[in-house]
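Next come the chains, spelled out residue by residue.
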Amino acid sequence: MKKFLIVFMAVIMVVMTGCSANMIAAANQEREADAARYQSEYAKTVNKLEMSESNFKNYRRVSFYNVRLGEIVFACEGYCHVQIDRDGDVEIVVKVGEGEFLRHYLGQKQDITYFSEQLKPSKNIDNFRYKIVWNPNNWIPVFDSDL
């Protein structure tokens, strides 16, 4: 009888463990499916945005900021694509006409960082107009009045 009880208890434990393991596995599988669904929506969205940017359909402003001085050094605005080339320089390609493009390179320094933001162009802007703005403080010399 003791052997029977021990075998019976062992069988019940195995069955209960198997049921709970199956329930846990099913819950994990459902959670992973939800995560994959959300990741695929995210991946689709990012892919659409990247394709749109690569085809010059996004109006962007790219600003270079000197963190030591606390000021914007350079800003470019228009239908442009931004990427880092092999040398670590920032490459900005701007669409200036149908089938016409300009490429700008900007070297990165330790004190300078950049950010790119997607904007909506105003309705009165020409499709291929772009602008570059330099901070005038970087070009105007400072004179010493004691001379």
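Each value, and the rule that gives it
Residues numbered from 1 in each chain as written. Predicted model: local features only at pLDDT ≥ 70, side-chain atom pairs only at ≥ 80, totals over all residues. Heavy atoms only, no water. pLDDT = per-residue confidence, 0-100. Helix = DSSP H or I, 4+ residues; strand = E, 2+ residues; numbered from the N terminus. Phe/Tyr/Trp six-rings, centres within 6.5 Å; stacked < 30°, edge-to-face > 60°. Buried < 20%, exposed > 50% of the residue type's maximum accessible area, 1.4 Å probe, protein only. Polar contact = N/O pair within 3.5 Å; in protein donor to acceptor, adjacent residues only side chain to side chain. Pairing = 2+ DSSP bridges.

Peer 1: Could you clarify how one ought to interpret the confidence of the model for the protein chain in this entry?
Peer 2: For any part of a model where pLDDT is low, the fine detail of the predicted coordinates should not be relied upon. A residue-level look at the protein chain finds 73% of positions with pLDDT of 70 or above and a mean pLDDT of 77. Mean pLDDT values over the elements of the protein chain span from 71, in helix 1 (residues 2-54), up to 89, in strand 3 (residues 90-97).

Peer 1: It is not clear to me how the packing of aromatic side chains should be interpreted in this structure. Could you clarify?
Peer 2: Here the distance between the centres and the angle between the planes together describe a pair of aromatic rings. Following the criterion strictly, the structure yields four aromatic pairs and no others. An angle of 45 degrees between the planes, with centres 4.9 Å apart, marks the rings of Phe-56 and Phe-101 as tilted. Here the residue Phe-56 occupies a position in the loop between helix 1 and strand 1 (59-66), and Phe-101 occupies one in strand 4 (residues 100-106), the gap between them amounting to 45 residues. Classification of Phe-56 by relative accessible area gives buried; the value is 15%. Classification of Phe-101 as partly exposed rests on a relative accessible area of 40%. Members of the aromatic cluster, joined through ring pairs, are Phe-64, Phe-74 and Tyr-114.

Peer 1: Sorry if this is basic, but what is going on with the side chain of Asn-66 here?
Peer 2: On the secondary structure map, Asn-66 appears in strand 1. On the accessibility criterion, Asn-66 (8% relative accessible area) is buried. One polar contact links the side chain of Asn-66 to the main-chain amide nitrogen of Leu-69, over a distance of 3.0 Å.

Peer 1: Where do I start with the pairing of strand 2 (residues 71-84) in this structure?
Peer 2: Moving residue by residue along a regular strand, the side chains alternate between the two faces of the sheet. Burial within strand 2 is extensive, with 10 of its 14 residues counted as buried. Pairing between strand 1 and strand 2: eight bridges, direction antiparallel. Pairing of Phe-64 across the sheet is with Phe-74, part of strand 2. Here strand 1 hands over to strand 2 after four residues, with Gly-70 in that stretch at a positive phi of 70 degrees. Pairing analysis gives four bridges linking strand 2 to strand 6 (residues 131-134), with the strands arranged antiparallel. The partner of Phe-74 across the bridge, within strand 6, is Trp-134. When strand 2 meets strand 3, the two strands line up antiparallel, connected through five bridges. Residue Ile-84 lies in a different strand from strand 3, and its bridge partner there is Val-90. With antiparallel pairing between neighbouring strands as the criterion, strand 2 and strand 3 make up a hairpin whose turn holds five residues, including Gly-88 at a positive phi of roughly 90 degrees.

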